[in-house]
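# Geometric and topological summary
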Amino acid sequence: MSRSHRTARIAPLDGLRGLAVLAVLLFHAGHLGGGFLGVDLFFVLSGFLITGLLLGETARHGRIALAAFWGRRARRLLPALGVVGVATLLLTWAFGSPSVLLFALDDAPWVAAQAVNWHFVAEQIGYWNASGTRVFAHLWSIAVEWQFYLVWPPAVALVGRGRGGHGRVAVLAGAGALVSLALMVVHGGAVDTTRAYEGTDTRAFALLLGALVATVPVRRLLARVPGRASDGLCAALALVIGAAWVLTDGQNAPGLFRGGLFAHSAACALLIGLLAQDPDGRAGRLAGSPVPRRLGELSYSLYLWHWPVYLLLPQTVSGVGGWGRTAVAIGVSLLAAWATKVLVEDPVRFRVRWAAGRRGLLALAAALAVAAGVWAAVPQPHPGAGTVDVGRLTAP
């Protein structure tokens, strides 16, 4: 496969990633009630792409090198997360209230352990109405993805080998998605929906639906859809997904935890599968157009940065609030995301000299030492210092 063809296949999915992060940014600014559903699109994309890589490796080599896979995931996710985490602590110390800093210091070790979602669940934080005081509230979704990356690859390695491996993976993914849906229904009736919304088990269906669409049996079915019909179906799915983002009103949306999130993820999975089958069609070219694609290329660092920026930025900037403040916040987040991608993500991912071999290990050790040192050095506010403004922005 030529390089240009590979790029064409990736472009529409990068575009979807860009649209997903834009939805989340608008939601957090208070302009798009259902924009938090963009996180589910991220999940489905991750499940699809990771499972495709795992099955491809199984087909080529008859096995999955799990240590190498986890190493690639760590290089992709952890450096930017570490840099943003340390910077966020320092910025919160400088500009945040004592209560926000206290929460940040409490949450930071759980962020480092990729388990902050379960920390929020165990502490009964009250996700939908108290996350405006926590600069790391949005990182629950990164923890869910990382936990999925620990569990799913060994499962694919076990059942995906040999003849019929794709079929077995498809059955496992489909069955797992239904179990996850059942768990969300069970936990979704609680007054505090944090357990249903942030639990790895209750959110796994989005990742698993993406995984299902990456298997050969489903891809063969989608390949039978003619190009013109595929474009029409993509347009219909995009309208349904867009309508959900506009019309959904947070946790108060009827049926959100009783199948609504599952239906949205299923629509996203079908859209992704169709675009992957025909990336050069009209729908693929539209989804992969320059603006959403470039935004998608920045999406990871942009997601990491935007919430601390939103939370720490004054409610009015030079006397401007509302959409003006949103524009400033997004601009600052984009600039920080671009710098993080250029200076941290790409060098580590593509192993420039300082990020490879012995130099890379030394850089990692130094980064870990700096992160631990910053966390230990930031003064602990006195409990109860400052005031807690739970009426500020609502996190995803």
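Residues numbered from 1 in each chain as written. Predicted model: local features only at pLDDT ≥ 70, side-chain atom pairs only at ≥ 80, totals over all residues. Heavy atoms only, no water.

### Here's the deal with the overall build of the chain
Scanning the chain from terminus to terminus reveals 18 helices and zero strands. In terms of overall dimensions, the chain is globule-like: its C-alpha atoms have a radius of gyration of 21 Å, near the 21 Å expected for 396 residues. Seen along its three principal axes, the alpha-carbon backbone of the chain occupies a region of about 60 × 55 × 40 Å. Buried residues in the chain amount to 50% of all 396 residues. For the chain, the proportion of contacts with a sequence separation of at least 24, taken over those separated by at least 6, is 79%. For the chain, the distance from the average site of its 33 positive side-chain charges to the average site of its 18 negative ones is 13 Å. (Helix = DSSP H or I, 4+ residues; strand = E, 2+ residues; numbered from the N terminus. Rg over C-alpha atoms; globule rule 2.2 N^0.38 Å. Buried < 20%, exposed > 50% of the residue type's maximum accessible area, 1.4 Å probe, protein only. Contact = heavy atoms within 4.5 Å. Lys, Arg positive; Asp, Glu negative; His and termini not counted. Charge placed at Lys NZ, Arg CZ, Asp CG, Glu CD.)

### Notes on the pattern of salt bridges
The tally for this structure, following the rule as stated, stands at nine salt bridges. We note a salt bridge from Glu 57 to Arg 72, for which the minimum N-O separation is 3.7 Å. With Glu 57 in helix α2 (residues 38-61) and Arg 72 in helix α3 (residues 66-95), this pair connects stretches of sequence that are 15 residues apart. Overall, the relative accessible area of 10% leaves Glu 57 in the buried class. Look at Arg 72 and you get partly exposed, because its relative accessible area is 37%. (Salt bridge = Lys/Arg side-chain N within 4 Å of Asp/Glu carboxyl O.)

### What to know about unusual backbone geometry
The backbone of Gln 114 sits at a positive phi, close to 55 degrees, despite the residue not being glycine. Take Gln 114: it is sitting in the loop between α4 (98-112) and α5 (116-122). Given the relative accessible area of 8%, Gln 114 is considered buried.

### Side note on the packing of helix α11 (residues 216-223) against helix α13 (residues 256-277)
It is the contact of α11 with α13, at a shortest axis distance of 10 Å, that shows an interaxial angle of 70 degrees. Put simply, α11 runs roughly perpendicular to α13. Residues Arg 219, Leu 222 and Ala 223 of α11 touch α13, and the partners they reach there are Leu 270, Gly 273, Leu 274 and Gln 277. Across the contact of α11 with α13, the residue classes break down as four nonpolar, two polar and one charged. (Axes fitted to C-alpha atoms, helices over the stretch in contact; angles between N-to-C directions. Parallel < 35°, antiparallel > 145°, perpendicular 65-115°, else oblique. Nonpolar A, V, L, I, M, F, W, Y, C, P; charged D, E, K, R; others polar.)

### Description of the packing of aromatic side chains
Enumeration according to the criterion identifies 11 aromatic pairs in this entry. On the numbers, 6.5 Å between centres and 85 degrees between planes, the contact of Phe 69 with Tyr 149 is edge-to-face. Pair noted here: Phe 69 is in helix α3 and Tyr 149 is in helix α7 (residues 140-159), with a separation of 80 residues, a long-range link. Among the aromatic residues, those joined into a cluster by ring pairs are Phe 27, Phe 36, Phe 43, Trp 140, Tyr 197 and Phe 257. Across from the ring centre of Phe 103, 4.2 Å away, lies the NZ or CZ of Arg 134, which sits over that ring. (Phe/Tyr/Trp six-rings, centres within 6.5 Å; stacked < 30°, edge-to-face > 60°. Lys NZ or Arg CZ within 6 Å of the ring centre and 35° of its normal.)

### Describing a nonpolar patch on the surface
Taken together, Leu 335, Trp 338, Val 342 and Leu 343 make up a surface patch of nonpolar side chains, about 450 Å² in accessible area. The residue Leu 335 is located in helix α17 (residues 322-349) in this model. Here Leu 335 falls in the exposed class, since its relative accessible area comes to 58%. (Patch = residues over 30% accessible without salt bridge, like charges linked within 9 Å, V, L, I, M, F, W, Y side chains within 5 Å. Areas by Shrake-Rupley, 256 points an atom, 1.4 Å probe, with all protein chains shown as cover.)

### What to know about the confidence of the model for the chain
Averaged over every residue, the pLDDT of the chain is 89; the share at 70 or more is 91%. The weakest mean pLDDT in the chain belongs to helix α6 (residues 127-130) at 62; the strongest belongs to helix α10 (residues 200-213) at 98. Here residues 1-9 is a poorly scored stretch, pLDDT under 50, and it has seven contacts once near neighbours within four places are set aside; other chains count. Under a pLDDT of 50 for its full length, residues 386-394 has, in the predicted model, 25 contacts with residues more than four places off or in other chains. (pLDDT = per-residue confidence, 0-100.)

### Re α3
For α3, spanning 30 residues, the distance from its first C-alpha to its last is 42 Å, which sits close to the expected 44 Å at 1.5 Å a residue. Roughly 30 degrees is the biggest bend found in α3, and it falls at Ala 74. (Expected span 1.5 Å × (residues − 1). Bend = angle between axes of the 7 residues up to and from the residue.)

### Some remarks on the side chain of Thr 202
Position of Thr 202 relative to the elements: it lies in helix α10. Residue class for Thr 202 comes out buried when judged on its relative accessible area of 0%. Within the local environment of Thr 202, its side chain forms a polar contact with the backbone oxygen of Gly 199, the two atoms lying 3.0 Å apart. If near-sequence neighbours (up to four positions away) are discounted, Thr 202 is found in contact with Ser 180, Leu 183, Met 184, His 187, Arg 195 and Ala 196. (Polar contact = N/O pair within 3.5 Å; in protein donor to acceptor, adjacent residues only side chain to side chain.)

### As for α10
With 14 residues, α10 should reach 20 Å at 1.5 Å per residue; the first-to-last C-alpha distance of 20 Å fits that figure. Of all the bends in α10, the greatest measures close to 30 degrees and is centred on Ala 206. α10 sits mainly inside the fold: 12 of its 14 residues count as buried. When α10 is considered as a whole, its buried residues turn out to be Thr 200, Thr 202, Arg 203, Ala 204, Phe 205, Ala 206, Leu 207, Leu 208, Leu 209, Gly 210, Ala 211 and Val 213.

### Looking at the environment of Gly 242
Mapped onto the elements of the fold, Gly 242 is located in helix α12 (residues 227-247). Considering only alpha carbons, one finds Gly 242 and Gly 38, 204 residues apart in sequence, at a separation of 9.9 Å.

### Here's the deal with the state of the cysteines
In protein structure, a disulfide is the covalent linkage between the sulfur atoms of two cysteines. Within the structure shown, the criterion is met by zero disulfides. No disulfide involves Cys 234; its sulfur sits 12 Å from the nearest other cysteine sulfur, which is in Cys 268. Here Cys 234 falls in the buried class, since its relative accessible area comes to 3%. Note on Cys 268: relative accessible area 0%, which makes it buried. (Disulfide = S-S within 2.5 Å.)

### Quick word on the packing of helix α16 (residues 299-312) against α17
Here α16 crosses α17 at 135 degrees, and the two axes come no closer than 8 Å. In terms of orientation, α16 lies oblique with respect to α17. Like other packed secondary-structure pairs, α16 and α17 cross with a definite hand, here right-handed. For the pair formed by α16 and α17, the contact residues are Tyr 300, Ser 301, Leu 302, Trp 305, His 306, Val 309 and Tyr 310 on the first element and Arg 325, Ala 329, Ile 330, Val 332, Ser 333, Leu 334, Ala 336, Ala 337, Thr 340, Lys 341 and Glu 345 on the second. Residue classes in the contact of α16 with α17 are distributed as 11 nonpolar, four polar and three charged. (Left-handed = near helix turned anticlockwise from the far one by under 90°.)

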